[in-house]
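# Examining the three-dimensional arrangement
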Amino acid sequence: MFTQLALSVRTLRRNPGFAVVAIVTLALGIGANTAIFSVVNGVLLAPLPYQNPEQIVILANTWEEGRLGLSENEQLAYRELTDVFEAVAVYEYRTLNITGGDRAERIIAGAIDSDVLPVLGVSPIVGRNFAPQEDRSGGPSVVMLAHGYWRQRFAGDPGIVGQDISLDGVSRTVIGITPPDFRLPQDFVGTPVQTYVPLALDAVPDPRNLHYLLGLARLREGVSVEQGTTRVAAVAHRLIDELGTLPESFSATLRPVSEDVSGDIRPALLILLAAVGLVLLIASVNVANLMLARADVRRTELSVRQALGASRGDLLSTLLAEVAILAAAGGLLGLVVAHLAIKLLLALGPAGLPRLDQIGIDGRVLAFTAAASLATGLLFGLIPALKASRLSGQADLHGISRGGTASGTRQRARRTLVIGELALAVALAVGAGLLVKSFVLLTSVHPGFEKEGVLTLRVTLPETKYGDARSARNFFASLLQSIRSIPGVEEAGAIRNLPLASGVGDWGIRIRGQGEDGMGVRGPKADWIVATDGYFESMGIPLVSGRFIQSQDRVGTLNAVVINETMAQRYWPDGTALGAQFRMTTDIDTIWRTVVGIVGDVRQENLDQEVKTAMYLPHAQFPSTADFAITGMTVVVRTSVEPTSVVTAVVAHVNALDPEVPVSGVRTMKDVVNRAGADERFQGMLFTLFAVMALVLVAVGIYGVTSYLVSQRTREMGIRMALGAAPSQIIRLILGEGLVTVLIGVTIGVVGAFMLTRFLSSQLYGVQATDLQTFVGVPLFVAIAAILAAYVPARRATKVDPVEVLRQE
């Protein structure tokens, strides 16, 4: 075997052009597949940092609009299913100000109950978990630190355990440090949680039945997700009657934690893996074509070896040894390509891609690369090797000595491979075309505001100092007035939920005059958004009628509300929205509000999401009766200069009002909008890259096959030209034969694309999976590129000297 490998190496060294083309082609295909598989491995396949994660489920309520968090009443009811769950836990996210040391900082906290870590099977690496008595309202003030934040702010000092730190002005004792790889299930995207504080629910559940808790549960051994879902749904239906505040469509469901972590990215990644698999298949077919052509060139050598006594098995072993060397070299170089591609993916990938820290080349990825190299070697090498080793000794030597050409069978085999390449390339290119068109349509969607020249930053006040509504209102009013004095600032405002950066919730409303009792009906609802004066002007949101929120909208004046155009048209289709009154169906805000303005629709959560009804409540008037303040607001600043040039001045004005108030999330509105379409842009970019790779490989393949066939027909072309054939006739002859191959391949590809692109439907916006323009334009482009690849060798065929050809005869 060693002798055969050494012989194969010498043979390949004598043909460096062939070896380099084959190895590079394979490396590109294998490397691209390895890179995408590394993402799939890290996001979907790598084990979660929990004990027996297959038993952990996400517990959530559902209704007609999707998933819903748990209320305090509901989580107590689900805990009673002890025959289904070993334990149930709930948590939520908060933001807190940490002070002390050299700076104030706004951090993300996981407010967890004492069952969260046991449900996930996790223990602190230093210290301990929360005790049940600490997880009660009014209990001891304690905190756990996330490992990364512990190292960042406290230099990994284990002595911090037992010490006090100040969070939102409350002194809390550090009792533990979580493991380095620990994350809450919804904490694998974006900035990770930095601290953990007790959830500390009251003994008596909140009567408002607010659905703000995220639920976790560990199934008992032998209980399936389906069985558990049936049981929790039965409890949810019982709660409809008991609580009296739930819609008939209310239910509950369980979802494996692994599916919840991967979220909506799973289908997109699997589609990308299938797409890059097509690239590898095209690369393999291309190399197989090269091997077939090279086998024809080596017929003399192989026939001589057979005539000297080499058996067919000896020839086959030698040829397969060459295949193994090419596949191994392609795999090794593919790892280098994959390493570089992974770096590029991590740099360009969307921020919403979960578990980025798990993406890399590990044992599973190496095994995948080895398997891909082996499978590719068998795919491109086995059939050509079998064909090349099937010689007829003296007959082959006799035919070769007379200048025989490749058989019709071998020519048909090469054309068949080209047809296969074309079909695969068309299917992949059509998919890329659909995704690119979808992305273009998505980016053309107007978000409802003007993104240019706007700076945004998050300001959250510590509740210990600004816990009453009046203090919070006064701070933001003073801050906005101060920011407006900065040179280059045209306007400033603030919003509780920045569009395309945070979700919002809806609240039911009662419309005055609709309903027999004069209090209205319960059906209408709208997203509730708290804003200050200057917000609409800063964002460039158009005024349809009426007025914007003004600084005069304060406690003691007309209780105002501004609504969007969709809400006005839905609930007041007769055009009487301006001046109408409604109130929210909650004890947080019980006053009747008057619609003073109607503004244009804004894409609040996603560019591709349908606009919902929305109401904008003046910050200086909300809430009307509840005892809490809206302390977290995103300040938006419209400037006549580069927005980032005023960041230092804006932060200085915040610090001048209160140095303990941190500023976070500084970015331009243009960056916010760009990030909103990052997933679609990333997927479209990769699909396009794969399609370009496929097209290049196909062009190279067609060029190579056409060149080989032309070289085999040199004698025929010389005779035709000697008999008077014009160069244009020679070109038409060769291109005509190639055109048949191209048309067959493109037709098969279009049919395949119709079958495959339906899997892209969920990834498209504003375009059908059978879009006619794409299905006509893309195959036509591929066909033109293929014909151009065949034109060069056809043109070269016209340079044959007929006199020289006849002299050889």
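The sections below set out a description of the structure shown in this document.

## Looking at the pairing of strand 1 (residues 56–63)
A large share of strand 1 lies buried, amounting to seven of its eight residues. For strand 1 and strand 10 (residues 214–219), the ladder comprises four bridges, and the chain directions are antiparallel. Counterpart to Ile-56 in the pairing with strand 10 is Arg-218.

## A short note on unusual backbone geometry
The omega torsion of the bond from Phe-622 to Pro-623 falls at -5°, within 30 degrees of zero and hence cis. Mapping Pro-623 onto the fold places it in the loop between strand 20 (614–618) and strand 21 (632–639). Despite not being glycine, Asp-168 shows a phi value in the positive range, around 50°. Secondary-structure assignment places Asp-168 in the loop between strand 7 (164–167) and strand 8 (170–177). Judged by relative accessible area, which is 10%, Asp-168 ranks as buried. Despite not being glycine, Leu-500 has its phi angle at roughly 65°, a positive value. Mapped onto the elements of the fold, Leu-500 is located in the loop between strand 13 (489–495) and strand 14 (506–511).

## Some words on the packing of aromatic side chains
Enumeration over the complete set of coordinates arrives at 15 aromatic pairs. Geometrically, the ring pair formed by Tyr-50 and Phe-182 is edge-to-face, given 6.5 Å between the ring centres and 70° between the ring planes. Pair noted here: Tyr-50 is in the loop between helix 2 (16–45) and strand 1 and Phe-182 is in the loop between strand 8 and strand 9 (195–198), with a separation of 132 residues, a long-range link. The buried category is assigned to Tyr-50, whose relative accessible area is 7%. A relative accessible area of 3% means that Phe-182 is categorised as buried. Taking 5.5 Å as the distance between ring centres and 40° as the angle between the ring planes, the aromatic pair formed by Trp-528 and Phe-622 counts as tilted. Of this pair, Trp-528 sits in strand 15 (residues 525–531) while Phe-622 sits in the loop between strand 20 and strand 21, and the two are 94 residues apart along the sequence. Comparing Trp-528 with Phe-622 shows no difference in burial state: the two are buried. Members of the aromatic cluster, joined through ring pairs, are Tyr-535, Phe-536, Phe-548 and Tyr-616. When the ring centre of Trp-592 is taken as reference, the NZ or CZ atom of Arg-583 above it lies at 5.8 Å.

## Some words on the packing of helix 15 (residues 469–483) against helix 18 (residues 647–657)
Orientation of helix 15 relative to helix 18, taken along the N-to-C sense of each, is 140°, at an axis distance of 10 Å. Between helix 15 and helix 18, the angle is such that the two are oblique. The handedness of the crossing between helix 15 and helix 18 is right-handed. Along its contact with helix 15, which presents Phe-475, Ser-478, Leu-479, Ser-482 and Ile-483, the element helix 18 presents Val-650, His-653, Val-654 and Leu-657. Residue composition of the contact of helix 15 with helix 18, grouped by class: six nonpolar, three polar and no charged.

## Some details on the environment of Met-717
Structurally, Met-717 is set in helix 21 (residues 714–722). Accessibility expressed as a relative area gives 0% for Met-717, which makes it buried. Met-717 sits 82 residues away from Lys-799 along the chain, and the two C-alpha atoms are 9.7 Å apart. In contact with Met-717, other than residues within four places in its own chain, are Ile-730, Leu-733 and Ile-734.

## Some points on the nonpolar core
The biggest cluster of nonpolar side chains holds 70 residues, and the ones touching the most others in it are Ile-36, Val-43, Leu-422, Leu-428, Phe-687, Phe-690 and Ile-702. If you list the elements that add at least two residues to this core, you get helix 2, helix 8 (265–297), helix 10 (312–348), helix 13 (408–443), helix 20 (678–712), helix 21, helix 22 (727–756) and helix 23 (772–797). Membership of the second largest hydrophobic core comes to 48 residues, among which are Phe-475, Phe-476, Ala-492 and Val-647.

The rules behind these values
Residues numbered from 1 in each chain as written. Predicted model: local features only at pLDDT ≥ 70, side-chain atom pairs only at ≥ 80, totals over all residues. Heavy atoms only, no water. Buried < 20%, exposed > 50% of the residue type's maximum accessible area, 1.4 Å probe, protein only. Helix = DSSP H or I, 4+ residues; strand = E, 2+ residues; numbered from the N terminus. Pairing = 2+ DSSP bridges. Phe/Tyr/Trp six-rings, centres within 6.5 Å; stacked < 30°, edge-to-face > 60°. Lys NZ or Arg CZ within 6 Å of the ring centre and 35° of its normal. Axes fitted to C-alpha atoms, helices over the stretch in contact; angles between N-to-C directions. Parallel < 35°, antiparallel > 145°, perpendicular 65-115°, else oblique. Left-handed = near helix turned anticlockwise from the far one by under 90°. Contact = heavy atoms within 4.5 Å. Nonpolar A, V, L, I, M, F, W, Y, C, P; charged D, E, K, R; others polar. Core = buried A, V, L, I, M, F, W, Y, C linked by side-chain atoms within 4.5 Å.

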